[in-house]
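# Breakdown of the fold
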Amino acid sequence: MSLFRKKLITESNTCSLNRVLGAVDLTMLGVGAIIGTGVFVLTGVASAKYAGPALILSFIIAGLACVFAALCYSEFASMIPQSGSAYTYSYVAFGEIFAWILGWDLVLEYGLASSAVASGWSGYFQSLLTGFGVQLPHALTSAFDPGKGTYLDLSAVIIVLLVTLLLSRGVKESAKFNSIMVIVKVAVVLLFIAVGVWYVEPSNWQPFMPFGFSGVVSGAAVVVFAYFGFDAVSTAAEEVKNPQRNLPIGIISALVICTVIYIVVSLILTGIVPYSMLNVKDPVAFALQFIHQDWAAGFISLGAIVGITTVLIVMMFGQTRLLYAMSRDGLLPQKLSSVSPKTKVPLPSTWTTGILVALFAGLVPLDKLAELTSIGTLFAFSTVSLGVAVLRKTRPEIKRGFKTPWVPVIPALAVIFCVYLMLQLSAFTWKGFVVWLVLGLIFYFSYGYRHSKLNR
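Each value, and the rule that gives it
- Residues numbered from 1 in each chain as written.
- Predicted model: local features only at pLDDT ≥ 70, side-chain atom pairs only at ≥ 80, totals over all residues.
- Heavy atoms only, no water.
- Helix = DSSP H or I, 4+ residues; strand = E, 2+ residues; numbered from the N terminus.
- Rg over C-alpha atoms; globule rule 2.2 N^0.38 Å.
- Buried < 20%, exposed > 50% of the residue type's maximum accessible area, 1.4 Å probe, protein only.
- Contact = heavy atoms within 4.5 Å.
- Salt bridge = Lys/Arg side-chain N within 4 Å of Asp/Glu carboxyl O.
- Core = buried A, V, L, I, M, F, W, Y, C linked by side-chain atoms within 4.5 Å.
- Expected span 1.5 Å × (residues − 1).

### Here's the deal with the overall build of the chain
Within the chain, the secondary structure is distributed over 16 helices and zero strands. A compact globule built from 456 residues should have a C-alpha radius of gyration of about 23 Å, and the chain, at 21 Å, falls within 12% of that. By principal-axis analysis of the C-alpha atoms, the chain measures approximately 65 × 50 × 40 Å. Across the 456 residues of the chain, 58% fall into the buried class. Relative to all contacts within the chain whose residues are 6 or more apart in sequence, the contacts with residues 24 or more apart total 83%.

### Thoughts on the pattern of salt bridges
Applying the stated criterion across every chain yields a total of five salt bridges. Glu-397 is paired through a salt bridge with Arg-395; the nearest N and O atoms lie 2.7 Å apart. Residues participating in the shared-partner salt-bridge network are Glu-75, Arg-392 and Arg-400.

### Concerning the environment of Glu-75
On the secondary structure map, Glu-75 appears in helix α3 (residues 55-79). Residue Glu-75 is classed as buried on the basis of its relative accessible area, which comes to 1%. In this structure the C-alpha to C-alpha distance between Glu-75 and Ser-47, which are 28 residues apart in sequence, comes to 34 Å. Leaving out residues up to four positions away in the same chain, Glu-75 has contacts with Val-388, Arg-392, Arg-400, Phe-402, Lys-403 and Thr-404.

### Remarks on the nonpolar core
With 147 residues, the main nonpolar core has Leu-21, Phe-40, Tyr-73, Phe-76, Phe-192 and Phe-230 as its most contacted residues. Looking at this core element by element, the count peaks at 18 residues for helix α12 (residues 294-328). Aside from chain neighbours lying at most four places away, what touches Leu-21 is Leu-26, Leu-29, Val-171, Ala-175, Ala-236, Glu-239, Val-240, Lys-241 and Asn-246.

### Remarks on helix α13 (residues 347-363)
In an α-helix, one turn spans 3.6 residues, which is why side chains three or four residues apart end up on the same side. When the terminal C-alpha atoms of α13 are compared, their 24 Å separation across 17 residues agrees well with the 24 Å that a helix rising 1.5 Å per residue should span. Taken residue by residue, α13 has Pro-348, Ser-349, Thr-350, Thr-353, Gly-354, Val-357, Ala-358, Ala-361 and Gly-362 as its buried positions. The inward-facing, buried residues of α13 contact α5 (96-131), α6 (154-167) and α12.

In structure tokens, the structure reads:
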């Protein structure tokens, strides 16, 4: 039964991190993580391959799954204001073995998502350089693929290391920088809406659902990646002023803002360009070029670079705080939880994250692994949602700064939506996910189980 030993909320560690973040900072972190790859890249692919103009329905379905899960995250965040997100929540609700599985799952989510985002950033950055007549050596333009003559994605490595340097300077500095860049990229998205709305042709919305409802659902399983990031907000719990109040505000506000933006952008995008032409890496800029608004397309490309940078900042931030929390509990090497007395930042976990993400982004083609990010996060959402219902029964006395409405209905809907979307993913994705979890269990039984603080 020691596998199911639970962490008590009263056992929370003395916080050595710096409580400097407010509700606005958290909302900006959430918008920074959510608005990026989804709006600048996935909108085109999902429309052309899966949903057509019905992409708006895909975003609504994915958004509903995330809203239900976000309500559950908010209750946990107000009840357990500690770093670690779903990992920490599962430790309290289900016990250590489930916490480890969730933590290991989130390591995969944040790590692959950060690497994939860095690769996307590199593509936009190289396009921008080409516009100025600058060309990187071909060998340094993409991940390791000798058949194509590429060996290292240098731009991806550089941006990851720069973000790591920023994160190592302190959470308040990182949050300020993130907030400025979020304002820039939201302004760019609003520019697209203001320019593009006058060129919408309703005839482009016909047929509305060319791939049927199954295509809409498959599209939702793809674009759910666009919503990832709100869970990273909860990893900042130990750096938040008044977390019981500010965490739920930050999580839900960010999700609502981003859902509205996604719906409006997808409507205008498919109204400007026939959906079959949108299978490009920069659909928003492409749409403006399509209507000969090249001046605006240039701003969009620059905004995409800024937008994807903020996603990278928040994803890597979430990974560092996850490693910090797992190390502090003894499940990972203790060194990862040491905090700099000057910056109040867990430097070892920050630089470990930076180096690993840089290696993956620079050397490994991640196109086939991108879905692993989706399955990992949907699994985490399902478990957290289930945990809310469980703790309402087993620990009703715990003080909750925010309560998920209509329990157990909302948690049940979150689980149903998330599992349904997981089932839309490929067999390859499921096999990769199972292999990763098996590797995690091997590590847990050979190291984590014996070194756990609860084991002492």
